[in-house]
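# Structural description and commentary
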Amino acid sequence: MRPTAQHGGPVAYGGEAAASQWTDAGLRRQYQEYCQRQAAGLLRLVPKEAIRPLYRTARAWAAARGLHENKDPMATLVRYCRGLLPLPPFECWLEDYEHNRIAHLQYVFEGPLRARAVEPVVVDARDVRMDGETWTAGLSLFPDGEVWRGFIGFSRGPSDMGVRTANVFCEEDPQNIRARFTDLTSHTLQAFLRSTLP
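A brief structural summary.

Rules used throughout
- Residues numbered from 1 in each chain as written.
- Predicted model: local features only at pLDDT ≥ 70, side-chain atom pairs only at ≥ 80, totals over all residues.
- Heavy atoms only, no water.
- Phe/Tyr/Trp six-rings, centres within 6.5 Å; stacked < 30°, edge-to-face > 60°.
- Helix = DSSP H or I, 4+ residues; strand = E, 2+ residues; numbered from the N terminus.
- Buried < 20%, exposed > 50% of the residue type's maximum accessible area, 1.4 Å probe, protein only.
- Pairing = 2+ DSSP bridges.
- Salt bridge = Lys/Arg side-chain N within 4 Å of Asp/Glu carboxyl O.
- Polar contact = N/O pair within 3.5 Å; in protein donor to acceptor, adjacent residues only side chain to side chain.
- Axes fitted to C-alpha atoms, helices over the stretch in contact; angles between N-to-C directions.
- Parallel < 35°, antiparallel > 145°, perpendicular 65-115°, else oblique.
- Contact = heavy atoms within 4.5 Å.
- Nonpolar A, V, L, I, M, F, W, Y, C, P; charged D, E, K, R; others polar.

## Regarding the packing of aromatic side chains
The description of an aromatic ring pair rests on the distance of the ring centres and on the angle between the ring planes. Scanning the model with the defined rule gives 7 aromatic pairs in all. Ring geometry for Tyr 31 against Tyr 34: centres 6.4 Å apart, planes inclined by 25°, an arrangement best described as stacked. Here Tyr 34 and Tyr 31 lie together in helix H2 (residues 16–45), a separation of 3 residues that amounts to about one turn. You'll find Tyr 31 and Tyr 34 in the same group, each marked buried. Cluster of aromatic residues (ring-pair linked, three or more members): Tyr 31, Tyr 34, Phe 90, Trp 93 and Tyr 97.

## A short note on the pairing of strand E2 (residues 133–144)
Each regular strand displays side chains that alternate between the two surfaces of the sheet. Burial of E2 is extensive: 9 of the 12 residues sit out of reach of the surface. Relative to E2, strand E1 (residues 121–130) is paired through 9 bridges, and the arrangement is antiparallel. Residue pairing in the sheet places Val 122 in a bridge with Ser 140 of E2. The antiparallel hairpin formed by E1 and E2 contains 2 residues in its connecting segment, where Asp 131 sits at a positive phi of about 50°. In terms of strand pairing, E2 meets strand E3 (residues 147–155) through 9 bridges, oriented antiparallel. Residue pairing in the sheet places Gly 138 in a bridge with Gly 153 of E3. The antiparallel hairpin formed by E2 and E3 contains 2 residues in its connecting segment, where Gly 145 sits at a positive phi of about 65°.

## Details of the pattern of salt bridges
Scanning all chains against the criterion turns up 6 salt bridges. Note that Glu 133 and Arg 156 form a salt bridge whose closest N and O atoms lie 3.5 Å from each other. Placement of the pair is Glu 133 in strand E2 and Arg 156 in the loop between E3 and strand E4 (163–164), with a sequence separation of 23 residues. The partly exposed category is assigned to Glu 133, whose relative accessible area is 34%.

## A word on the side chain of Asp 124
Its location among the elements puts Asp 124 in strand E1. Among the residues examined, Asp 124 registers a relative accessible area of 14% and is labelled buried. Of note is the side chain of Asp 124, whose polar atom sits 3.5 Å from the side chain of Arg 178.

## Quick look at unusual backbone geometry
Backbone geometry at Asp 131 places phi at a positive 50°, although glycine is not the residue there. Mapped onto the elements, Asp 131 comes out in the loop between E1 and E2.

## Remarks on the packing of helix H3 (residues 48–64) against helix H4 (residues 73–84)
Put simply, H3 and H4 touch, their axes get as near as 9 Å, and they point 85° apart. Between H3 and H4, the angle falls in the class roughly perpendicular. Here Ile 51, Leu 54, Tyr 55, Thr 57, Ala 58, Arg 59, Trp 61 and Ala 62 of H3 come into contact with H4, specifically with Pro 73, Thr 76, Leu 77, Arg 79, Tyr 80 and Cys 81. Class assignment of the residues belonging to the contact of H3 with H4 gives a composition of 10 nonpolar, 2 polar and 2 charged.

Written as structure tokens, this is what we have:
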């Protein structure tokens, strides 16, 4: 997989510098959201009677650091809880994310702290040859209610703006979509690519 196809975020095949900048920012945003979800998850485990004492400690901790938000006590509490957890550094999270992308997506979209992402995420990529050119076909997934949808984006390189299919996949389990994408023959991928070209 090319580096630009490995990372989460919108399927955009713009210039290499712009793509890598967005990719880094997008991944760091996803990491921050992961940390926030973990901290919020810790709060779900705290008994109700322990929340007020925990908040008093969090407020004192935040005030000493100039981080307390009077208008948003929950933000103070989540920030404090985040500091209590042994969360992985960005680089460790990124390595796990790269190897277990669908599991991360399922946790975000189907877990107890359900969230919605704005952009589809590339979860797999394959090369396809057509008319003497090599294209990268990237499978992008996103949740839609109770199902997962996906499409295939095609690019000839980092500076290629790329093209994409309509949302051609729909399954309850994103692993099923990835398996279907993996099973596509080169002829089928070529047909999908032809359908996207003017």
